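In case you want the letters, here they are:
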Amino acid sequence: VRAVIAHEMGHWQKGHIILGLKLGILGSFLVWGLTAFFLRGFSPRSGHYRTQLWAGLQLFMLLIMMVTNPLQSYISRTMEKQADQVSLDITGDAAAVVRLQMNLAIKNLSDVSPPKYIVWFEYTHPPVLSRIQAMVGH
């Protein structure tokens, strides 16, 4: 419990909450601005939306997610590594932090060492094995 609370305190100490909100707001403006620009050619003149508009919107959102997901995941993983470090600094108990990671991995049936391309594209948290190695190597 101390390790979890210390980890969350790390997010607060490092300003991740405010930074995440700012990045989310900025990202939303960018995505919706790009969406409006991209779909301008599909705008109906008669007031009736064509089927192509919805197909274009879905395709555009899919492409945006494919492009931005690795960046979002990288930022999130970086924040998680920083919060892990603060957790270790606050508790001073690497064994407890390692036990926490192991218990969470078992409970969540996590892949402790997934392929790097999956981590790059999708993981918002570092894989369990790399988190444990960072704690032990500290």
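Along each chain, residues carry numbers from 1 onward, in the same order as the chain's sequence is written. Only residues with pLDDT of 70 or above have their local features reported here, since the model is predicted, and side-chain atom pairs are shown and tallied only from 80 upward, although totals for entire chains, interfaces and linings are computed over all residues. As a rule here, side-chain values come from all non-hydrogen atoms in the structure, and water together with hydrogens is ignored.

## Some details on the confidence of the model for the chain
Interpretation of the predicted coordinates at a detailed level should be avoided for regions scoring low in pLDDT.
Piece 1. pLDDT is defined as a per-residue confidence score from the predictor, taking values between 0 and 100. Of the residues in the chain, 93% reach a pLDDT of 70 or more, and the chain-wide mean stands at 88.
Piece 2. Mean pLDDT across the elements of the chain ranges from a minimum in helix α6 (residues 128-136), with 89, to a maximum in helix α1 (residues 2-13), with 93. For the purposes of this entry, the term helix denotes a DSSP run of H or I that reaches at least four residues, the term strand denotes a run of E that reaches at least two, and both are numbered from the N terminus.

## Regarding the pattern of salt bridges
Side chains that differ in sign of charge can pair as their charged atoms come close.
Piece 1. The rule for a salt bridge is simple: a side-chain nitrogen of Lys or Arg has to be within 4 Å of a carboxyl oxygen of Asp or Glu. Applying the stated criterion across every chain, the model contains two salt bridges.
Piece 2. The partner of E80 in a salt bridge is R131, and the shortest N-O contact between them spans 3.6 Å. Remark: R131 occurs in helix α6 and E80 occurs in helix α3 (residues 51-91); sequence separation between them is 51 residues. Each of the two residues, E80 as well as R131, counts as buried.
Piece 3. Here D84 makes a salt bridge to R131, at a shortest N to O gap of 2.7 Å. Highlighted residues: D84 in helix α3 and R131 in helix α6, separated in sequence by 47 residues. Think of it in three bands: with a 1.4 Å probe and only protein chains considered, a residue is buried below 20% of the maximum accessible area for its type, exposed above 50%, and partly exposed in between.

## Examining the packing of α1 against α3
The description of two packed helices rests on the angle between their axes and on the distance between the axes.
Piece 1. Orientation is described by lines fitted to C-alpha atoms, with helices fitted over the stretch in contact, and by angles between N-to-C directions that extend from 0 to 180 degrees. Where α1 meets α3, the axes come as close as 7 Å, and the angle between the chain directions of the two elements is 125°. In terms of their interaxial angle, α1 and α3 are classed as oblique. Considering how the two elements wind past one another, α1 and α3 form a crossing that is right-handed. Counting all contacts with α1, which are made through R2, A3, A6, H7, M9, G10, H11 and Q13, the residues of α3 involved are M79, E80, A83, D84, V86, S87, I90 and T91.
Piece 2. Its residues assigned to classes, the contact of α1 with α3 shows seven nonpolar, six polar and three charged. Roughly parallel refers to an angle under 35 degrees, roughly antiparallel to one over 145, roughly perpendicular to one between 65 and 115, and oblique to any angle outside these ranges. Each crossing gets its hand from how the near helix is turned against the far one by less than a right angle, where anticlockwise is left-handed and clockwise is right-handed. When checking whether two residues touch, look at their non-hydrogen atoms; a contact exists if any pair is within 4.5 Å. The classification used treats Ala, Val, Leu, Ile, Met, Phe, Trp, Tyr, Cys and Pro as nonpolar, Asp, Glu, Lys and Arg as charged, and all other residues, Gly among them, as polar.

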